[in-house]
Structure formats: C-alpha cells, structure tokens
Amino acid sequence: MYPAYHKPARAACYKSCNHAVRMARSSSLFHQRHQFYYSSASSCFASKRYSRVLFKRRIMLPRYPYGPVANSSENTMNGYNRKSPQKRRYEMPKYAVPPKKKTCKERIPQPKNTVAMLNELRNGLIYKLESQTGPVHAPLFTISVEVDGQKYMGQGRSKKVARIEAAATALRSFIQFKDGAVLSPLKPSGNLDFTSDEHLENGIENIANGKLVDYIQMMILMLTEKKPNLTSLETSKLPLQMFCMSQNRDKFKNVSKSAITVDGQKKVPDKGPVMLLYELFNDVNFECINIDSAQNNCRFKMTVTINEKKFDGTGPSKKLAKNAAAKAALASLCNISYSPMVVPQKNVPLPIDDKSSSMELPQIHADAIGRLVLEKFMEVIKGQEAYSRRKVLAGIVMTENMNFFEAKVISVSTGTKCVSGEHISVNGAVLNDSHAEIVSRRCLLKFLYAQLDLQCNQATAYQSIFVRNTDGQYPYKLKSGVHFHLYINTAPCGDARIFSPHENDTGVDKHPNRKARGQLRTKIESGEGTIPVKSSDGIQTWDGVLQGQRLLTMSCSDKIARWNIVGIQGSLLSSIIEPVYLHSIVLGSLLHPEHMYRAVCGRIEKSIQGLPPPYHLNKPRLALVTSAEPRNQAKAPNFGINWTIGDVELEVVNSLTGRTIGGQVSRITKQAFFDKYGFLMKNLPGILNRSVTTDYGQTKANVKDYQTAKLELFSAFKREDLGSWLKKPIEQDEFVLIE
C-alpha cells in the first residue's frame, strides 16, 4: 500500500523507535529520554508510538531511580552509574535534608536479683527442682544449685522464689563483709497456710510486685557491702526479717499487715475467678463434661481439675459455668469467696448492720449444702421423672459439729402454690401452703417426731438427736453441736425478693411516704407472687372464703422471720422440747444481703422485746452457692413433691387441693402431726400431763411460752408499722384427736 521509496524511511522509523524505548528503560533522566527521541525519530508514526509506550510505562519509570546524576567522567554513561544499583534505595539527592536522629531519655538501670548476680560471677549454673512438699493450696518448692562443687539449697512458695533463695545461699558462702556481718537466710515457714492471714506479715512470697524489687535491691546492696538507705523504703510494708539484718528487731514490732479488709469487712477479689485461679495454680484444666437441656433451660456443667482434685460448676452458659467452677475451687483451696455477703472491693460497702457482717456462711459449706440437696432430689425422683418439673426446690440438711462430710439430708421438696379456698378442710387433712421451703420445714417436723419416738424405747434412745433435759422446764433438748441448714434455690417469696437484682438500690429510701420495705405480704390463692397485707384486723372467715373471698397465706419471708423467733419445731412440740432454730439459710439465686437480712430478722430486731427464755431472735448465717440457678421462665406446675429421711418413696401432692394426686391425706398435714403428738404424750418418758382432751387449736394455745413469743412477734410488726399478721379461719383448727 506504500510506495517503494517509503520503505527505508519506515524501517528507520521502527529502528529509532525501538532504540528510544530501550533507552527509556535504562535512562535516569526524563528530559534526556525526551531529547534523544526527538533527535533520532523524525516520523510522526514513531512519535505516536513512543508516546503510547511512555503512557503505558509511566508508573514504571521513576524520575530519579538511582539517586542524583553522577559525573559522566567517572565511569558513567549519560549520567547513569551502573556500579551502585544496590544502594539506590538509601541514597538521597544532594538537596535532601538528612533525617534527624531520634533522641531518647537515659534508661534507668534495673536492679539485679541474686540469680543474676550469681550468673555474672559463675557462668553455666544449673538449677534443679529437688522436691515439692506442703498442701496443694500452699506448696513449698526446694531448688538446688551447684557452685564450685558445692550444692546450695533454697525454698519458697514458688519456683522463682526458691531459685532466688538458692542463689542467695550460694552468694553468702563466698562473699565476705568488712565488718564481719552475717546475712541471715530467709526461711519461709514450712507450715505456711494460704488461707491464713498470718503469712501476710512476713516472707518474700507475700510482698507486692513493687516491693519485691526493693527487697532484692536491699539484699544486693548488703551483699556488695553498701549500706542501704532504710528511710527511703516503706518500713511498714516490708517483712520484719529484712530490717533485722541491720537494725534492732524491737523497732519494728508494730509492722502492719497487708490490707485485706475494708472497715473490718472482707473484700471481694478485684480479679475474676478464672484469672485468679490461673495466677495461683499452674496445673489448671477446664472441661465441659455435661450439657443438660431439660425443661427448656439449657445448663452447662464445667469441671476444673487442679492437682488431681476436681471442682464442678454449672450455669446457663459455658462462661458462667467456668466461673462457677473456678469460684468453687478458690473457696475450697484458698478460702477466697465471691459471695455477695462479702463487701466488693471497688464499690461502696453495703449498708449492712455490723451484726450482719459476721452472718456469712463459709462458701465451701454453702456449696456442700446445695450439692447435697440437689443430689438427693435427683436420687429420689428416679422412676417418677414426670414430677421432676419444678420452679422452686428446697431442702434441709443436718450436721453434727459442722462436719459436712457426714451431713444428712433431712428433707427435699418442691412447690409454688397454695390450696384453693374451696378445698379448705375442717379436719386438718389438707396442706394449706405447698411452697417448697414451707413443705421442707413440715418434713423436718416429721423427722423430729420420729426422733422423739426413739426416746420411747430405752434400747433406741441413744440414736436420737434429743437428750433428756434435767435442768430446764422442757423435758428434752437438742444435742449439742446439731445444726439445721435450709437450702432454697431462690430467694423466698415476699420481702426478701422485692428488689431489682441489676440495680443498686441500697441506702435509705428517699421517699418517707413509701413503705415498701419490710412490709408483711400475703400469697395469692392459686397463683404466684405476693401482695402487701391490707389494714384490717387480720381475720379471715370461713363463710367468706367459701363465698369467693380469696384465701390468703402469709409469705415465706414472713414465715421464716417467725421461725427465727418461735423456732421451727412448731407449737405442739414446744411443750416437749426447747426451741430449735435454723443455723443457716443458703440460696441458689437472688441473694441480696441487705434485703435478705432485713426480711428474715432485721426488720424487727430493734422492736422485739419481752421474749420468754429460751426464746430469742435468731440470726441465721446467709450464703449463696457458687453455681447460681438461672431464672426459670417456665410455668409453675400445680403439684409438689416431698421426701423425708426414712421414707421409702416420695409423695406427690396436688397444690390446689392439698391432697396427694391419689386423693389421699398427706403424711405431713396437721391431722398427721396431731396423731403423732398424742402418741408421744402417752409413751414418752418424762411427760407430766399425758392427757390430750382439747381440740387442735386449744392444745396449741395451752403452750404459754410459745404463744407469748408469737404474740410479741405480731406486736413487733405493728410497732414497726409493717402490717398485721393475717390468720386463717379459726374453724380449720377445731378438730379433735381421734382415739
């Protein structure tokens, strides 16, 4: 298509273009590439092609790829230096400003410990672990080091401390002092107990991290024959043994303990249980061993193993179950409690009376009580799993001399309902209140009657928990050291449960006209929850209830407060035995220390007076288990179960009718207990008046001291303006003993 005379020109055009492209790849200056091209390429075709190449390779051609233009006479080619391509990233143009050197503050020399000093004097030393003794929660390590053919030993609560001790012992052996002073070795006590507060006074393992540096620095200064300035150290925080090296021991007798209390109260650790457990122990292994998804309430079970000891924890999530297991381990091994009864370290202390600060039950005991009741419930419910559905679970545990290894579960029960008004009985043949904690207490009454039956026979009298009372007005009394502990998986209904678990509502109520705290409350017939009692004379009528008036029953919080005045033995047994009180109350959830204390005893402690001895205001110990039960949103069943030690099988009661599911009379009704009482009055040794001629209500009224204590309780509630105690219709107690 082109004439023949154009071919050489086109060939020259292609050759010049390719030459320009090659030069563009290796040139160091853009203007040199530009000038060379226009001097060699004369055709428009070459100009267009070269411009396209430059456009495509624009990002690949740096302006100064290898630094400034070098002198062409110094072995260069067109200003390009071929001998220094490896330095192109670090060479700067002549006009570039050199970077400023970074300035930093002078480093403060860190003190050296005895291990570092010994390694400087003797290289290649090897530290060996000789032994590990002591209990699991307070191990004692022994480490040795061989220096110049001689073995030196060191002991400590950790391997690091033992290594420092071994190095210090080795340094003492070949370092001499000008004045002939002897550096006394630090020997931690072999019987050191981590659960004790005494070990906080001395020992290297008890110094804070900041004070450990001062401790080591002081030792180094004395080893290097320099006298430390003791006035610069906080003498009240360092161990007493440090100052005995250079000063008189008598000057430091008043060394203060490490702060472990706030205003005389224990503190909750500021670290989480899992983190604290990992810091205290090396061999910690968590494992999820069981997942229970029954009752539409998923629960996880975690097990932590520490030195071949296992601790369990449950919760609605794996995280909460892990925390519960860690809390159980810390409570058992280290006596560290995360109970709400302990004042938080960072928050304002709860406004609890000084008398209630000692009401905390040890966490390990609380966990043991909760575990025993839950295990017994799972045991007795086997074969009747259809009745395992529950919202509230309660039980009573008996211990002798607080020995929980031989503790016995006396009763287990469930239930949340009360009898309907149309099923009320004039013969005492129905259960009026089927709430779990109330039923457990009635099961305890059944156990007390059985123990008194053992006293009727001389051969079995030694097996009873009661003994003859020779110096009192009551024929029998409880053996010394026998205690009863009540477990409820949630706070009892009524005043103890009227609070928000996620709000800090402690302190004085700023609304004086609002009297919601401490009020007497009643349960709703055939329902859940409570309402404050009305300002009335506190009497319910039989015909009014049958006509449709709701049958009201006092709340569980109010009944527990009553037990702390008159005892849990009831009015009939009060004519035979001394009052029996609960030693502790353990909750599975919703424990608020202030509200719980007020509900069970605090609201009347200032107004109660004139109680006949031995009646008194009992203040049970309170605690919360580590594996708290989550909120159960399922509907409460209309039945409840009860079991007492010695029973062959459990009993299922319809809460609305007050009778068993088969329509029979329950074994823990008023009628059953009145029959047992009549038998004891005839056969029990030491009873003066053996005749029972009055009805059930009048027989109870004849126990004068009990009735006096009960009336004083009702008067105390009125003096505090908390309401009037509501009584059942009197017709239900007008039945006689059947011969």
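Preceding this paragraph is the structure being described.
Right, let's walk through the structure included here. The shown structure was predicted, so the numbers you read here are calculated from the model rather than taken from an experiment. (Residues numbered from 1 in each chain as written. Predicted model: local features only at pLDDT ≥ 70, side-chain atom pairs only at ≥ 80, totals over all residues. Heavy atoms only, no water.)

**What to know about the pattern of salt bridges**
- Counted under the stated rule, the structure contains 16 salt bridges.
- Among the ionic pairs, Glu-379 bridges to Lys-376, the shortest N-O distance being 3.4 Å. With Glu-379 and Lys-376 both in helix 10 (residues 363-380), this residue pair falls 3 residues apart, about one helical turn.
- The salt bridge involving Lys-559 is made with Asp-433; its shortest N-O contact spans 2.9 Å. Within this pair, whereas Lys-559 is found in helix 13 (residues 556-566), its partner Asp-433 is found in the loop between strand 10 (408-414) and helix 11 (436-454), the two being separated by 126 residues in sequence. Of the two residues, Lys-559 and Asp-433, neither departs from the other in class, the shared state being buried.
- Here the salt bridges do not stand alone but share partners, grouping Asp-433, Lys-523 and Lys-559 into one network. (Salt bridge = Lys/Arg side-chain N within 4 Å of Asp/Glu carboxyl O. Helix = DSSP H or I, 4+ residues; strand = E, 2+ residues; numbered from the N terminus. Buried < 20%, exposed > 50% of the residue type's maximum accessible area, 1.4 Å probe, protein only.)

**A closer look at the pairing of strand 17 (residues 584-587)**
- Neither face of strand 17 is open: one carries Ser-584 and Val-586, the other Ile-585 and Leu-587, and all of them are buried.
- Bridge analysis of strand 13 (residues 482-488) against strand 17 gives 4 bridges, and the strand direction is parallel. Bridge pairing in strand 17 places Ile-488 opposite Leu-587.
- In the sheet, strand 17 pairs with strand 18 (residues 621-624) via 4 bridges, with the strands oriented parallel. The partner of Val-586 across the bridge, within strand 18, is Ala-623.
- Crossover handedness for the path strand 17 to helix 15 (residues 593-602) to strand 18: right-handed. (Pairing = 2+ DSSP bridges. Right-handed = clockwise from strand over helix to strand, strands pointing away.)

**Notes on the nonpolar core**
- Judged by nonpolar contacts, the single largest core of 84 residues is most densely connected at Leu-448, Leu-452, Phe-484, Ile-565, Leu-573 and Ile-576.
- Leu-573 has contacts with Leu-445, Leu-448, Tyr-449, Leu-452 and Leu-680, leaving out every residue within four places of it along the chain.
- Grouped together as the second largest cluster of nonpolar side chains are 24 residues, Ala-368, Phe-404, Ala-623 and Ile-641 included. (Core = buried A, V, L, I, M, F, W, Y, C linked by side-chain atoms within 4.5 Å. Contact = heavy atoms within 4.5 Å.)

**Quick notes on the packing of aromatic side chains**
- Overall, the coordinates contain 8 aromatic pairs when judged by the stated rule.
- Note on Phe-674 and Tyr-696: the rings are 5.4 Å apart at their centroids and 80° apart in plane angle, and the pair reads as edge-to-face. Here Tyr-696 lies in helix 17 (residues 696-701) and Phe-674 lies in helix 16 (residues 670-683), a separation of 22 residues in the sequence. By the burial criterion, Phe-674 is buried, and Tyr-696 matches it.
- Relative to Phe-735, the ring of Tyr-696 lies with its centre 4.9 Å away and its plane at 15°, an arrangement referred to as stacked. Here Phe-735 lies in the segment after helix 18 (704-719) and Tyr-696 lies in helix 17, a separation of 39 residues in the sequence. Considered together, Tyr-696 and Phe-735 belong to a single accessibility category, that of buried residues. (Phe/Tyr/Trp six-rings, centres within 6.5 Å; stacked < 30°, edge-to-face > 60°.)

**Focus on the packing of helix 4 (residues 114-121) against helix 5 (residues 159-174)**
- Close contact between helix 4 and helix 5 brings their axes to 8 Å; oriented N to C, the two are set at 50°. In terms of orientation, helix 4 and helix 5 fall into the oblique class. The handedness of the crossing between helix 4 and helix 5 comes out as left-handed. Contacts from Thr-114, Val-115, Met-117, Leu-118 and Leu-121 in helix 4 reach Arg-163, Ile-164, Ala-167, Ala-168, Ala-170, Leu-171 and Phe-174 in helix 5.
- Grouping the amino acids of the contact of helix 4 with helix 5 by side-chain chemistry returns 10 nonpolar, 1 polar and 1 charged. (Axes fitted to C-alpha atoms, helices over the stretch in contact; angles between N-to-C directions. Parallel < 35°, antiparallel > 145°, perpendicular 65-115°, else oblique. Left-handed = near helix turned anticlockwise from the far one by under 90°. Nonpolar A, V, L, I, M, F, W, Y, C, P; charged D, E, K, R; others polar.)

**Some details on unusual backbone geometry**
- The omega torsion across Pro-613 and Pro-614 is 5°, close enough to zero to call that bond cis.
- The residue Pro-614 is located in the loop between helix 15 and strand 18 in this model.
- Although it is not a glycine, Asp-148 adopts a positive phi angle of roughly 55°.
- Note that Asp-148 resides in the loop between strand 2 (140-147) and strand 3 (150-156).
- Note on Asp-148: relative accessible area 60%, which makes it exposed.

**Some points on the sheet that holds strand 2**
- Ordered in space as 1-2-3, the 3 strands form an open sheet in which the pairing is antiparallel. Here the strands that pair on one side only, and so sit at the sheet edges, are strand 1 (127-133) and strand 3. Going across the sheet, the axis of each strand differs from the next one's by a mean of 25°, ignoring polarity.
- When strand 1 meets strand 2, the two strands line up antiparallel, connected through 6 bridges. Across the sheet, Lys-128 pairs through a bridge with Ser-144, a residue of strand 2.
- Of the strands in this sheet, strand 1, strand 2 and strand 3 touch helix 5, which is tilted by about 140° from strand 3.

**Notes on helix 9 (residues 318-333)**
- Its 16 residues give helix 9 an end-to-end C-alpha distance of 22 Å, which sits within 8% of 22 Å, the value for a rise of 1.5 Å per residue.
- Of the residues making up helix 9, those classed as buried are Ala-321, Ala-324, Ala-325, Ala-326, Ala-328, Ala-329, Leu-330, Ala-331 and Leu-333.
- Just downstream of helix 9, Asn-335 is the residue with a positive phi angle, here 55°. (Expected span 1.5 Å × (residues − 1).)

**Focus: the sheet that holds strand 10**
- The 8 strands lie next to each other as 18-17-13-9-10-19-20-21, forming an open sheet whose pairing is mixed. Across the chains shown, the open sheet's two edge strands, defined by having one partner strand only, are strand 18 and strand 21 (659-660).
- Along the sheet, helix 10 contacts strand 9 (393-400), strand 10, strand 13, strand 17, strand 18 and strand 19 (639-644); its crossing angle with strand 9, the most-contacted strand, is approximately 120°.

**Regarding the environment of Lys-159**
- Looking at the element boundaries, Lys-159 is found in helix 5.
- Owing to a relative accessible area of 40%, Lys-159 belongs among the partly exposed residues under this scheme.
- Between the C-alpha atom of Lys-159 and that of Gln-132, which follows or precedes it by 27 residues, the distance is 9.6 Å.
- Setting aside chain neighbours within four positions, we find Lys-159 in contact with Leu-129, Phe-141 and Ile-143.

What is shown is where atoms sit, not what they do.
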